[in-house]
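Letter by letter, the chains look like this.
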Amino acid sequence: METSAGADTDPTNNKSIAAEDVIPLSDGTIKEGKATILKETSKHVFYNPVQEFNRDLSILVLSVHAEDHFKQKQDKKLKEKKRNSASKENNESEATAEPIPDLEPGKSYEDGMIILEALAATGLRSIRYAKEVPGIKQIVANDLSPSAVESLKANIAYNKVEHLVSASHNDASMVMYLNRPPAPRFDVVDLDPYGCPSHFLDGAVQSVASGGLLMVTCTDMAVLAGNSPETCYSKYGAISLRNRCCYEMALRIALQCIESHANRYGRYITPLLSVSADFYIRTFVRIDSSPSVCKRSINKLSLVYQCVGCETLTLQPMGEFKSISEKNPNQMKTLLPHVPSVSETCPHCDMRYHLGGPIWNAPIHDKSFVSRLLDVVTAEDAAEKFGTCKRIEGMLSVVEEELEDIPLYYKLDRLSSLMGISTMPVLTFSSAILNAGYRLSQSHCKPSSFKTDAPQKFVWDVLRAWEKENPASEKRLKEGTVSAKLLSKAITHTVDFKMHPEANPDSRQRGKCRYQINPLKFWGPGIRSIANLQDGSIQEKQRRNQGKNAMKRKRTHTTGDAEDESKKLEESNV
């Protein structure tokens with residue numbers, strides 16, 4: 001983690017903090033944003049205070065999406081007026097767009113958004129939407145647990161948002177299936193399950209209106225990050241790989257999974273924002289309908305070849321969208337690519353490959369949408385609206401700087417370790433890439449990560465040139481090791497380490513809180529159904545369990561040594 005000038009972490013968060021410091025507790029209530037949750041009624045309902053960032057970001061995205069929603073409604077009305085006009089004169093006089101009303105939180109609008117929170121638990125998220133997001137017509141807060149629904153009703157009444165939020169006691173998938181055409185669809189569906197959301201996606205992609213928003217959280221990062229590729233395939237339809245870019249790969253696996261569900265019904269997704277934060281990933285995608293566009297989905301997917309030695313990544317697109325007529329360049333067709341895109345062994349270290357995917361290879365953010373989010377979160381009153389305002393601004397600033405056409409990233413410290421050399425300063429490495437005429441950016445997922453359009457051969461040459469000035473340890477250069485193979489290759493490019501004026505990104509120069517440290521002691525996804533953290537009992541249990549397995553191994557090892565000594569003593573006595 002960077003700690004030099006323009007540090008990436010918030011200096012106010014450099015120490016461990018308790019849940020009470022994040023969630024004000026008073027008179028048996030929990031307060032977050034403008035919502036207040038009754039502690040007693042929510043005692044046995046899932047609740048995690050670390051997810052405040054997730055909720056703040058969702059409120060920000062919904063607030064900006066509300067403008068698009070009303071504009072879409074106006075455009076639809078305008079088209080209907082033109083269609084119903086009896087003459088050109090009437091068409092000219094009547095076909096005028098009405099101004100979008102000033103949208104305020106807490107009010108119900110006839111043309112407002114209908115939102116479904118499919119797994120509402122305490123209802124904190126729905127209540128915050130009702131009190132903080134403008135342009136809402138109705139929110140359906142659903143949960144299958146009877147105790148959760150009772151908590152929902154009590155919290156809705158306590159916050160006086162009955163005119164906007166209604167509690168629903170039903171299976172989440174059934175609620176979404178019941179809102180497929182011809183029934184009215186939801187404008188927004190929010191899925192924030194414990195673990196994998198894949199079994200909810202079939203209903204979700206059908207129940208969102210065209211131009212609507214689907215928001216999905218995945219917390220099963222061990223599966224998505226490559227610890228269990230066979231489980232990842234069964235849940236998401238893709239094989240995950242263990243590597244340093246596993247967080248972005250997790251996002252891209254989740255996006256291809258959502259797209260595959262949507263394509264079955266002639267629908268497709270457009271990612272607006274996709275982020276990796278804390279112990280989960282969160283995606284915000286727009287859903288539209290077009291069978292012809294669905295046919296191009298194969299062009300947005302790639303298989304991933306990963307070298308088992310130097311971890312070089314090579315993407316193999318599953319389709320190509322090309323012009324098939326010289327006379328009519330606009331006549332496009334999807335073609336199958338020639339494969340494979342790699343040789344039998346890696347050209348850099350002569351090792352074999354692992355194959356993963358398919359993953360989403362198209363952009364995972366909409367840069368124009370991200371810019372609008374930044375305009376809101378940098379406003380003067382943003383700190384009053386969002387408790388995690390600084391962190392949101394920092395992360396979105398890095399997202400805006402990311403190279404959107406370069407899937408996946410590398411980590412400089414990992415590549416340096418594979419070559420057996422000391423890690424060069426980030427700005428020195430960035431300058432070498434930029435001085436050669438290539439593009440480079442960091443990823444919001446991890447510090448010291450980088451995305452570049454430079455060929456991997458040039459990246460290795462940069463590290464080899466650095467090794468000439470900072471020789472590698474002889475221990476790392478044993479014959480047959482990856483380090484020895486990489487350093488045995490000759491440098492074929494000119495490398496210039498002179499400081500480049502664009503090497504230091506704007507977000508770093510301005511000291512944004514780009515990469516957050518752990519928000520709580522013993523933080524994580526929580527314990528299913530009882531992770532309310534309100535009385536500190538869960539944290540106390542987690543504290544006691546810290547290092548438990550290590551202590552068991554130590555005791556076993558000590559016992560084994562004692563038995564060996566006893567046997568030796570007996571043998572010597574004999």
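Residues numbered from 1 in each chain as written. Predicted model: local features only at pLDDT ≥ 70, side-chain atom pairs only at ≥ 80, totals over all residues. Heavy atoms only, no water.

K.L.:
It is not clear to me how the overall build of the protein chain should be interpreted in this structure. Could you clarify?
P.N.:
Scanning the protein chain from N- to C-terminus turns up 21 helices and 18 strands. Counting only residues that meet the buried cut, the protein chain has 51% of its 574 residues in that class. Long-range pairs, those at least 24 residues apart, make up 72% of the contacts in the protein chain between residues at least 6 apart in sequence. (Helix = DSSP H or I, 4+ residues; strand = E, 2+ residues; numbered from the N terminus. Buried < 20%, exposed > 50% of the residue type's maximum accessible area, 1.4 Å probe, protein only. Contact = heavy atoms within 4.5 Å.)

K.L.:
Explain the packing of aromatic side chains to me, please; I cannot follow it from the model alone.
P.N.:
Throughout the structure, instances matching the rule amount to 7 aromatic pairs. Taken together, the aromatic side chains of Tyr410, Phe429 and Phe450 make up a single cluster linked through ring pairs. Taking the ring centre of Phe53 as reference, the NZ or CZ of Arg391 above it sits at 4.2 Å. (Phe/Tyr/Trp six-rings, centres within 6.5 Å; stacked < 30°, edge-to-face > 60°. Lys NZ or Arg CZ within 6 Å of the ring centre and 35° of its normal.)

K.L.:
Mind showing me how you'd approach the nonpolar core here?
P.N.:
Nonpolar side chains tend to gather and get buried jointly when the protein is soluble and globular. Val189, Leu191, Leu214, Leu224, Phe429 and Val462 are the most contacted members of the largest nonpolar core, which totals 83 residues. There are two domains that each give this core at least three residues, and those are domain 1 (49–81 + 102–295 + 362–399) and domain 2 (405–510). Ignoring any residue separated from it by four or fewer positions in sequence, one finds Phe429 in contact with Leu412, Met424, Leu440, Phe450, Val459 and Val462. Membership of the second largest hydrophobic core comes to 51 residues, among which are Ile30, Ile37, Val161 and Val399. (Core = buried A, V, L, I, M, F, W, Y, C linked by side-chain atoms within 4.5 Å. Domains from an automatic or database assignment.)

K.L.:
Got a minute to help me understand the pairing of strand S10 (residues 280–289) in this structure?
P.N.:
Remember that side chains alternate between the two faces of the sheet whenever the strand is regular. With respect to burial, S10 is a largely interior element, 8 of its 10 residues being buried. Pairing geometry for strand S8 (residues 208–218) and S10, over 7 bridges, is antiparallel. Pairing of Gly212 across the sheet is with Ile287, part of S10. The sheet contact formed by strand S9 (residues 267–277) and S10 spans 10 bridges and is antiparallel. Bridging across to S10, Tyr268 finds its partner in Asp288. The loop that links S9 with its antiparallel partner S10 comprises 2 residues; one of these, Asp278, has a positive phi angle of about 50 degrees. (Pairing = 2+ DSSP bridges.)

K.L.:
Got a minute to help me understand the sheet that holds strand S12 (residues 313–317) in this structure?
P.N.:
Strands pair in a sheet through their backbones, by hydrogen bonds, and they do so in one of two ways: parallel or antiparallel. Taken in spatial order, the 3 strands make up an open sheet running S12-S11-S15, and their pairing is antiparallel. Unpaired on one side and paired on the other, S12 and strand S15 (353–360) mark the two borders of the sheet. Direction aside, the axes of adjacent strands within the sheet are offset by 25 degrees on average. Pairing between strand S11 (residues 301–307) and S15: 6 bridges, direction antiparallel. Directly across from Gln306, in S15, lies its bridge partner His354. (Axes fitted to C-alpha atoms, helices over the stretch in contact; angles between N-to-C directions.)

K.L.:
I keep staring at the environment of Phe186 and nothing clicks. Help me out?
P.N.:
Mapped onto the elements, Phe186 comes out in strand S7 (residues 186–191). Separated by 24 residues in the primary sequence, Phe186 and Ser210 place their C-alpha atoms 9.5 Å from one another. Once residues within four sequence positions are removed from consideration, Phe186 is found in contact with Ile114, Ile115, Leu116, Val140, Val175, Asn179, Ser207, Val208 and Ala209.

K.L.:
I'm lost on the state of the cysteines in this one. Help?
P.N.:
Here a disulfide denotes one covalent bond, and it connects the sulfur atoms of two cysteines. What the rule picks out here adds up to 0 disulfides. Of all cysteine sulfurs in the structure, the one in Cys196 sits closest to Cys218, which takes part in no disulfide; the separation is 6.4 Å. As a non-bridged cysteine, Cys307 has Cys349 as the owner of its nearest cysteine sulfur, 3.2 Å distant. For Cys307, a relative accessible area of 0% puts it in the buried group. (Disulfide = S-S within 2.5 Å.)

K.L.:
Looking at this structure, I do not really get the pairing of S8. What am I missing?
P.N.:
Counting buried positions over the 11 residues of S8 gives 10, a clear majority of the element. Two strands pair when backbone bridges link them, and S7 and S8 are joined in this way by 5 bridges, in the parallel orientation. Counted as the bridge partner of Val189 is Leu214 from S8. A crossover connection joins S7 to the parallel S8 through helix H7 (residues 198–207); in handedness this β-α-β unit is right-handed. (Right-handed = clockwise from strand over helix to strand, strands pointing away.)

K.L.:
Where do I start with unusual backbone geometry in this structure?
P.N.:
Negative phi values dominate among residues other than glycine, just as trans dominates among peptide bonds. The step from Val339 to Pro340 runs through a cis peptide bond, and the omega angle for that step is -5 degrees. Following the sequence through the fold, Pro340 ends up in the loop between strand S14 (332–335) and S15. Cis geometry is found at the peptide bond from Gly357 to Pro358, where omega equals 0 degrees. Among the secondary structure elements, Pro358 is positioned in strand S15. Despite not being glycine, Glu311 shows a phi value in the positive range, around 65 degrees.

K.L.:
Could you clarify how one ought to interpret the pattern of salt bridges in this entry?
P.N.:
A side chain of one charge can pair with a side chain of the opposite charge if their charged atoms are brought near each other. Under the definition given, this model contains 27 salt bridges. Between Glu110 and Lys137 there is a salt bridge whose closest N-O contact spans 3.8 Å. Of the two residues, Glu110 is situated in strand S4 (residues 108–117) and Lys137 in strand S5 (residues 136–143); the sequence distance between them amounts to 27 residues. Lys137 sits in the partly exposed class, given a relative accessible area of 29%. Between Asp288 and Arg286 there is a salt bridge whose closest N-O contact spans 3.2 Å. When its relative accessible area of 16% is taken as the criterion, Asp288 is described as buried. Given the relative accessible area of 28%, Arg286 is considered partly exposed. The structure contains a network of salt bridges with shared partners spanning Glu32, Arg55, Asp56, Arg128 and Glu132. (Salt bridge = Lys/Arg side-chain N within 4 Å of Asp/Glu carboxyl O.)

K.L.:
Could you clarify how one ought to interpret helix H12 (residues 367–377) in this entry?
P.N.:
Helical periodicity: at 3.6 residues per turn, an α-helix aligns residues three or four positions apart in one direction. Of the residues making up H12, those classed as buried are Phe369, Val370, Leu373, Leu374 and Val377. In an axial view of H12, the angular spread of the buried residues amounts to 145 degrees, which keeps them on one side of the axis. Check the buried side of H12 and you find it contacts helix H2 (52–84), S9, helix H13 (382–385) and helix H14 (389–401). (Arc of directions from axis to C-beta.)

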